[in-house]
Amino acid sequence: MNTINLNTSPNSVTSVSLCFCLLTCVLTARVHAQRDLKDIPDSDPEIERSSFIVADGFEVNLYASDPLIAKPIQMNFDADGRLWVASSTVYPHIMPGQKADDKVLIIEDKDQDGTADTTSVFAGGLLIPTGVIPGDGGAYVVNSTEVLHLSDTDNDGKADRRRIVLSGFGTEDTHHLLHTLRWGHDGCLYMNQSIYIHSHVETPYGVKRLNGGGIWRFRPETLELDVLSYGLVNPWGHHFDAWGQSFATDGAGREGINYVFPGSVFVTSPGAKRFVSGLNPGSPKHCGLEVVSGRHLPDDWQGSLVANDFRAHRVCRFVLSEDGAGYASRQEVEVIKSTHVAFRPIDVKMGPDGAIYIADWYNPIIQHGEVDFRDPRRDHVHGRIWRVSAKGRPAVKRPKLTDASIAQLLDVLKQPEEWNRQHAKLILKTRDKGKVVAALDQWLTKLDKSESQYEHHRLEALWSYQTIGGINRSLLQELAGSTDHRVRAAAVRVASDWQEQLGREALQYYMRAVRDEHPRVRLEGVCALEKIPSREAAKAAIQALDRPMDRFLDFALWRTMRELESHWLPAVMDGERVFDGDITRLTFALKAVDSPTVVAPLLQLVAQGKVADDRATNVLTLIATLGGADELGKVFAMASSAESKLSTETKATLLEALVATTIQRKVIPAGNLGALKELIATQHLRLRAAGLRAAGVWKQESLRDAVSNLALDTTANRNERDAAIDAVTSLGGSEGVKTLNQLAMLDNFDDQLRAVRSLSVIAPRNAAKRAVELLGRLPEGIDPSLVLTVLLGRKNGPAELTTALADGKLSVDAAKRTLRAVRSGSQQSPELIAAIQKAGGLSEAGWKLTPKLLEELVAEVASNGNAHRGEAIYRRKELQCAKCHAIAGAGGRVGPDLISVGASAQVDYLVQSLITPNSKLKENFHSLVIATDDGRVVSGIPIRQNDTEVVLRDAEDRELTIPTSSIEEKKDGRSLMPDGSVDQLTRDELVDLVRFLSEVGKVGDFAVGSAQVVRRWRALTWTQEGHHRLNRTSYDIAATEDPALTWESAYSRVGGDLPLDGLPQLKPHRETPQTTFVDFDLEVSTSGAIGFRFNSIDALSLWVDSKPTPLTGDVTLELNRGRHRLTLSVDRESRKTPLRVELIPAPGSKAQAQLVAGK
Amino acid sequence: MIRALHPQSALAAFLLLAGTLPLAQSAPLDLQDGDRVVFVGGTFVERMQQFGYLETLLTVAHPDKHITFRNLGWSGDTVWGESRALFGTQADGFARLIKDVKEAKPTVLAICYGANEAHAGVAGQQRFIDGLNQLLNQLADTKARVVLLSPYAYRPGPPGAPSPEAYNSVLKSYCDAISKVAVKRNAQYVSLFDLLIVVEENVRRNERPVTENGIHFTQSGKRLAAFEIAKRLGVDVPELDFGKANEHLTKLRAAIHLKNELYFYRYRPQNETYLFLFRKHEQGNNAVEIPQFDPLVEEQEKVIAKLKTLRR
């Protein structure tokens, strides 16, 4: 790939490498009404069942089916083994004149043979009930805005009593309504809501509000309603492991299993500044979650997590292992996979017989955003419940719980089935509390200490006290000192729930937890302290820093320090000694607050010389980012002082931060800036460049001549000149325009290009004229985007360009490529597009999608399309699909990950997505167009929005931070995928490409398996400089971060291997063979041995973290926590086999690692 | 549900707290033919939609007049329209509140706010009153007669819930402030401060509790409260038995419930994100269905009118 490093990106102090081709291929994956009616399958359950590929040793039988079970949404068993199902035929939206008559059904398997015998209607008259769970003598049912409790008082099997338990839940999207009702090990009812929901619930404790996704925790007895965690797009699955830890899945996120702890915040939570990420990045989306257990299942399935990939018709299994305070998750072979397009597993529950039950929503069409509410092909009548059982293993005998004695119920707490234990605890709730407490006390004394599950039995007892609203201080104390860290962690969580009753004692538990040897116990301690509003709590929490931190702990501590800010920050401001005067603690806390208030105390610490040198850069950068004019002035004084002991690199970093602050927040350092004059003459290039940019943004007129001269001095260093050109642009005025025009007259393309880009900011009309002229004689291989992006991102840019083009002429090729650039821009202008077409004499360009063409293409995809050829087209550099789309995490993040696109999207939909990308858009890929007060217009997908800033991901996959204060206008934008992306393809090629996309994620060659295969690589590109460097040194240099080397991204095929064809080759010496260098990164979260399996080691050499490492077969490496890089050289003259590297578990190793994905 | 205080002693305590209970300070609600009564408030108002007792009482109390009702109650709402903001800011929520009220074309505006605002304590009172005034100012051009219904004191909730005592004493102060706004604006003020306690008092004979959480009315609570509210509004309500045996009244109340449901689909439709907001490019075409609920609401109002006149 041709890459130009262009430092003159006006209004940016960092160098941006702009790709030669901005043609993006942002495919909007989604589902759509299918026009190909042949795709609607026969609804015979047996046909569906025979399509299932079931995990070895398992079988699937039909438990219950339509007609009564229409569109099951959630299911839960009661203690008698009856299955309660919420079903909706009204979904997605009530029609005028339609009666809301959705139902709660009860399914019974009376003879316990694994198939249902009766299905009855418990309640009707509901509006899209998205959750049902039996309990408290009836069932809790979500009825759009409210949580109802329905009960049957006359025992006729029908609800006759209706109580509104909670109300005020949002309905902005009917597949986001309150859902996933779940009883906790603690006797609380957990409920989830999705991204578009805004809830406002009046309780005796005040009004509880939750905007966006999250998990509610509700105790029906006391009506306490709180939020366990925030965010996730569609948290349609939530369950606890045997130790009370929460896990959640996301029906629109792409990180598989998420580890949920109190106060954790996940993607898309409104106003959040930071998110916790999931355990399986690059996963498809999931619905439902069950941690499976019990005697019916084989040993290696105990504690597995089962979740549904409803898009790709799969029921998946994950295995967790410990990883610091959190967990690592690995995908196992699927429980079920199918090619049946209507198999939509959406809920999963363990049953009373120890088998796994799957609710199948049965629909060829999923979701309702992108598919017309009234599409006639929506299925409203079918639905199935499947039962997955282990062949040859006996079913668990259904426990008789309802009428069991208290003593019998307590003994159930020892059983391996979570199902049994959970129901036993819930029944204890209904019994006389005094008697239960007495029995529990007694039961505890009789437990056999030598039993392997002794600690777990005691934990169940602790939860039983919690469930019935009791307390047992001595048991809590004992368990908080358990030898098992999982029990200690659970005890801290219980202590947090009992905080009020424990009084001062509670704090002792949390303080002790923070000093625990196991990180998860420390995490629980830090989370519990967040709820104690005192300085003491903050002081206790921050001690977590004394022991190793990890990403979960770091998040929890960050959040706790922010939540407790008002209890410790004022003391810092008053100059008090806090956190025992420990600077590490103090700087962590101050940085967590991330607000201008912390600047003064930080500055003081620096002034007192208390900040260690290795932290100074960090702290000062924070001050430079957050401070006001005075503080910025002080940082500048330090950065510019000759006496300062700061290194030159640090000084440069600070100066760059100051410049960025001025651009972002328009604050200029106060005080004497005269030292700039020396800075722009210093020997150090980076410092000099930063000084030059500072001279510009701080409007130092006295330095204008020096800056202008340098900008025009073709003998000077490019980076330095780029900084000077930026400075000229920032200084602006007629003088600035004059200088830039002089620059444009220089006899080289690089300077002319920079002149146009800079003029775009201060003299757009002038820039537009020059741009048109430049486009007419663009050198080979240079993309017009380079010339136009800045101009197109200015408010009046497109209009000026249209005017300038009026009399201009462009070659057909230039016009085509200019069109592409314009379509990728942040502002869409039909006038401009017309002007370009006219200037280039273009006729109707590209594909015109008519219903007839669509029909033909759909047919051709089925008859002639070749997915393997299609994959090759997808991988073509000029299409740049992977620049914006990942497959299984490897690739850009601008558009949706395509991991299961074929399984969820219909062919006609894919065709439309490619040809008219804006017709419909995937959830979470809606762009925003923002006009700023400095005349820019930027567009991108919002990643985070809070009261101070909006962070967008632009079409270049960059994160742009826009301060709220600089936003003049904000509106919804179009797809970031430009129209015309596939215009260059022939009809056959388009058909192949669609065929490929339609296969991705389906059972077959293009399914992403559970193996951890390296998918995202970097390949060393040939550049003169790089070649030279290799020639002068050795191959070892390729395994270092040498600035002379240029790398490009490369991605494995969906199947997992990296074809060598097309990868860049280097031949540093005449006698050496053509060689390709590739590398990949992995992030190790728990140190230890990690295995790597190679499909073949022929002609490969390996470096690990720059060190040459022998390669004799599969390798096992001892790797410490942190990021590691493996570099490979491939002798291309002897190797033709593609490259495939897989992470494999090393026997007995506790190590955890994740391959680094992304662009 | 366990009660910390017997209702009677609670009532005594309230009277002590309240001094003399303020009575309606202006002319009784004199509903005219053609009146459109619009209710706004939080959960208390919102749940009137499905129980419909007050609306039924006000309907049968005026058999010769055509009076229609629109209920815009929204759980957790405040004078600032906090619950109506959806994806927007509080200002957007307020704008939505104003817009929805205006589109309902009120001639009588019954406003019941303050319950949720009072959690902010005495310190929040002035802000609340400012908000209430702003709301009334914004709605002045509807020319609707304004009825300010005060919020009501809470009863003890389930064990573990905070005692409502402190909240109630704050609420009393809010109520007094609302009554002053009413005087200044020449609006009708109806004190409901002791509503829950009085209703609980009346239910002694009955098995069913009037509240299960101490802050909201159950169905039977709503029924008893409706009589009390109507009385305090100054409406002459006939003795009515809402029992199942009274088929006619049951039908009328069901018709009112259905009308409210249809109106709810109209004014607060599900899937707003797709129909009207940032994903309207996907389902905006189906937004045409939403106004189709208008004729259904009107049709249902005809059913109500028929049932009402056939009453005696």
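Quantities reported herein were computed from a predicted structural model and do not represent experimental measurements.

### Quick notes on the overall build of chain A
Right, on to step 1. The helix and strand tally for chain A stands at 36 helices and 47 strands.
Right, on to step 2. Over its C-alpha trace chain A gives a radius of gyration of 32 Å, about what one expects of a compact globule, namely 32 Å for 1159 residues.
Right, on to step 3. The principal-axis extent of the C-alpha atoms belonging to chain A is close to 95 × 75 × 65 Å.
Right, on to step 4. Counting across all 1159 residues of chain A, residues that qualify as buried make up 63%.
Right, on to step 5. When contacts within chain A are restricted to residue pairs at least 6 apart in sequence, those whose partners lie at least 24 apart make up 67%.
Right, on to step 6. If you sum the accessible surface of chain A, you get close to 42300 Å²; carbon and sulfur atoms cover 49% of it.
Right, on to step 7. Taken together, the 138 basic and 149 acidic charged side chains of chain A have centroids lying 2 Å from each other.

### A word on the sheet that holds strand S28 (residues 356–360) of chain A
All names here are of chain A.
Right, on to step 1. Pairing within the open sheet is antiparallel, and its four strands lie in the order S4-S29-S28-S27. Of all the strands in the sheet, the pair left with one neighbour each is strand S4 (58–65) and strand S27 (345–350). Averaged over all adjacent pairs, the angle separating strand axes in this sheet is 25°, with direction ignored.
Right, on to step 2. As judged from the five bridges shared by S27 and S28, these two strands associate in the antiparallel manner. For Lys349, the partnering residue across the bridge sits in S28 and is Tyr357.

### Notes on the domain arrangement of chain A
Residue and element names in this part refer to chain A.
Right, on to step 1. Taken domain by domain, chain A holds domain 1 (37–390), domain 2 (430–576), domain 3 (849–999) and domain 4 (1012–1155).
Right, on to step 2. Of the residues lining the interface, 30 residues belong to domain 1; the matching set on domain 2 comes to 31 residues.
Right, on to step 3. When domain 1 packs against domain 2, close to 2600 Å² is buried across both sides, 54% of that on carbon and sulfur atoms.
Right, on to step 4. Looking at the side of domain 1 facing domain 2, the largest losses of area belong to Trp243, Arg274 and Ala325, adding up to 30% of the total buried there.
Right, on to step 5. In this structure, Glu322 engages Arg520 in a salt bridge whose closest nitrogen and oxygen atoms are separated by 2.8 Å.
Right, on to step 6. Within the residue set of the side of domain 1 that touches domain 2, elements represented by two or more residues are strand S17 (214–219), strand S18 (224–230), strand S22 (264–265), strand S25 (314–323) and strand S26 (326–337).
Right, on to step 7. Classifying every residue of the side of domain 1 that touches domain 2 by side-chain character gives 13 nonpolar, 10 polar and seven charged.

### Structural notes on the packing of aromatic side chains
Right, on to step 1. Tallied over the entire structure, the rule returns 43 aromatic pairs over all chains.
Right, on to step 2. Relative to Phe278 of chain B, the ring of Tyr196 of chain A has its centre 5.3 Å away and its plane inclined at 90°; by these criteria the two rings are edge-to-face. Here Tyr196 of chain A, found in the loop between strand S14 (189–193) and strand S15 (198–203), pairs with Phe278 of chain B, found in the loop between helix H11 (272–275) and helix H12 (280–283), and the two come from separate chains.
Right, on to step 3. With a relative accessible area of 3%, Tyr196 of chain A lands in the buried category.
Right, on to step 4. Ring pairing ties together the aromatic residues Phe247, Tyr259, Phe261, Tyr327, Phe552, Phe555 and Trp558 of chain A, which thus form one cluster.
Right, on to step 5. Directly above the aromatic system of Trp301 of chain A lies the positively charged group of Arg317 of chain A, at a separation of 4.1 Å from the ring centroid.

### A short note on the interface of chain A and chain B
Right, on to step 1. Each side of the interface is counted separately: chain A has 53 residues, and chain B has 47 residues.
Right, on to step 2. By the criterion of area lost to chain B, the three top residues of chain A are Pro96, Glu172 and Glu202 of chain A, representing 16% of everything that side buries.
Right, on to step 3. Counting the contacts that link chain A with chain B gives four salt bridges.
Right, on to step 4. The shortest N-O distance in the salt bridge between Glu82 of chain B and Arg209 of chain A comes to 3.6 Å.

### Section: the packing of helix H25 (residues 764–775) of chain A against helix H26 (residues 784–792) of chain A
All names here are of chain A.
Right, on to step 1. Across the interface, H25 lies against H26 with an axial gap of 10 Å and an inter-helix angle of 170°. Regarding the angle of H25 to H26, the classification is roughly antiparallel. Side by side, H25 and H26 meet where Pro764, Ala767, Ala768, Ala771, Leu774 and Leu775 of the first sit next to Pro784, Val787, Leu788 and Leu791 of the second.
Right, on to step 2. Here the contact of H25 with H26 is built from residues that sort into 10 nonpolar, no polar and no charged.

### Structural notes on the nonpolar core
Right, on to step 1. Formed by 222 residues in total, the largest nonpolar core has its most connected members in Ile385, Met561, Trp568 and Leu801 of chain A.
Right, on to step 2. Composition of this core by domain shows at least three residues from each of domain 1 (37–390) and domain 2 (430–576) of chain A.
Right, on to step 3. With residues near it in sequence (within four places) discarded, Leu801 of chain A still touches Ala768, Ala771, Val772, Leu788, Leu791, Leu792 and Leu832 of chain A.
Right, on to step 4. Leu57, Leu86, Ile111 and Ala144 of chain B belong to the second-largest nonpolar core, a separate cluster that totals 128 residues.

### A short note on the confidence of the model for chain B
All names here are of chain B.
Right, on to step 1. The share of residues in chain B with pLDDT of 70 or more is 89%, and the mean pLDDT across the chain is 90.
Right, on to step 2. This model gives residues 1–5 a pLDDT under 50, and the stretch forms 12 contacts once residues within four places in sequence are excluded.
Right, on to step 3. Per-residue pLDDT stays below 50 along residues 18–24; that stretch engages in nine contacts with residues further than four places along the chain or on separate chains.

### Things to note about helix H5 (residues 90–103) of chain B
Residue and element names in this part refer to chain B.
Right, on to step 1. A rise of 1.5 Å per residue sets the reference length of H5, with its 14 residues, at 20 Å; its end C-alpha atoms lie 20 Å apart and thus fit the reference within 8%.
Right, on to step 2. Gly93, Phe94, Arg96, Leu97, Ile98, Asp100 and Val101 are the residues of H5 that are buried.
Right, on to step 3. Packed against the buried residues of H5 are strand S1 (36–41), strand S3 (108–112), helix H6 (125–139), helix H10 (247–267) and H11.

Conventions we followed
The residue numbers shown here count from 1 along each chain, following its written sequence. Here every chain gets a letter starting at A, and every ligand a number starting at 1, in the order they are written. The predicted nature of this model means local features are confined to residues of pLDDT at least 70 and side-chain atom pairs, given and counted, to a pLDDT of 80 or more, with totals for whole chains, interfaces and linings taken over all residues. By convention in this description, side-chain values take in all heavy atoms of the structure and omit both hydrogens and water. The helix count covers DSSP runs of H or I at least four residues long, the strand count covers runs of E at least two residues long, and both are numbered beginning at the N terminus. The globule rule is 2.2 Å times the number of residues to the power 0.38, and the radius of gyration it is compared with is taken over C-alpha atoms. Partly exposed describes any residue whose relative accessible area lies between the buried limit of under 20% and the exposed limit of over 50%, with all areas from a 1.4 Å probe on protein chains only and scaled to the type maximum. Two residues form a contact once any of their heavy atoms are found within 4.5 Å. Accessible areas in this description were obtained via Shrake-Rupley with a 1.4 Å probe; residue shielding takes into account the shown protein chains only. Under the convention used here, Asp and Glu are negative, Lys and Arg are positive, and both His and the chain ends fall outside the count. Just so you know, the charge point we use is NZ for Lys, CZ for Arg, CG for Asp and CD for Glu. Pairing between strands requires that DSSP locate at least two bridges from one strand to the other. Fitted lines through C-alpha atoms give the axes, limited to the stretch in contact for helices. The angle between two N-to-C directions lies from 0 to 180 degrees. As used throughout, domain bounds are those supplied by an automatic or database domain assignment. When two parts are put together, the accessible area they lose, computed with a 1.4 Å probe and summed over both, is reported as buried area. For this document, the term salt bridge refers to a Lys or Arg side-chain nitrogen within 4 Å of an Asp or Glu carboxyl oxygen. Any residue that is not Ala, Val, Leu, Ile, Met, Phe, Trp, Tyr, Cys, Pro, Asp, Glu, Lys or Arg is counted as polar, Gly included; the first ten are nonpolar and the last four charged. Between 30 and 60 degrees the pair is tilted, below 30 it is stacked and above 60 it is edge-to-face, where a pair is any two Phe, Tyr or Trp rings, Trp via its six-membered ring, whose centres lie within 6.5 Å. Criterion for a charge above a ring: Lys NZ or Arg CZ within 6 Å of the ring centre, and within 35 degrees of the ring normal. Any angle that falls under 35 degrees is termed roughly parallel, while one over 145 is termed roughly antiparallel, one within 65 to 115 roughly perpendicular, and all others oblique. To form a nonpolar core, buried Ala, Val, Leu, Ile, Met, Phe, Trp, Tyr and Cys residues must be joined to one another through side-chain atoms within 4.5 Å. Note on scores: pLDDT gives the predictor's confidence for each residue, bounded by 0 and 100. Between the first and last residue of a helix there are one fewer steps than residues, each counted as 1.5 Å, and that sum is the expected span.

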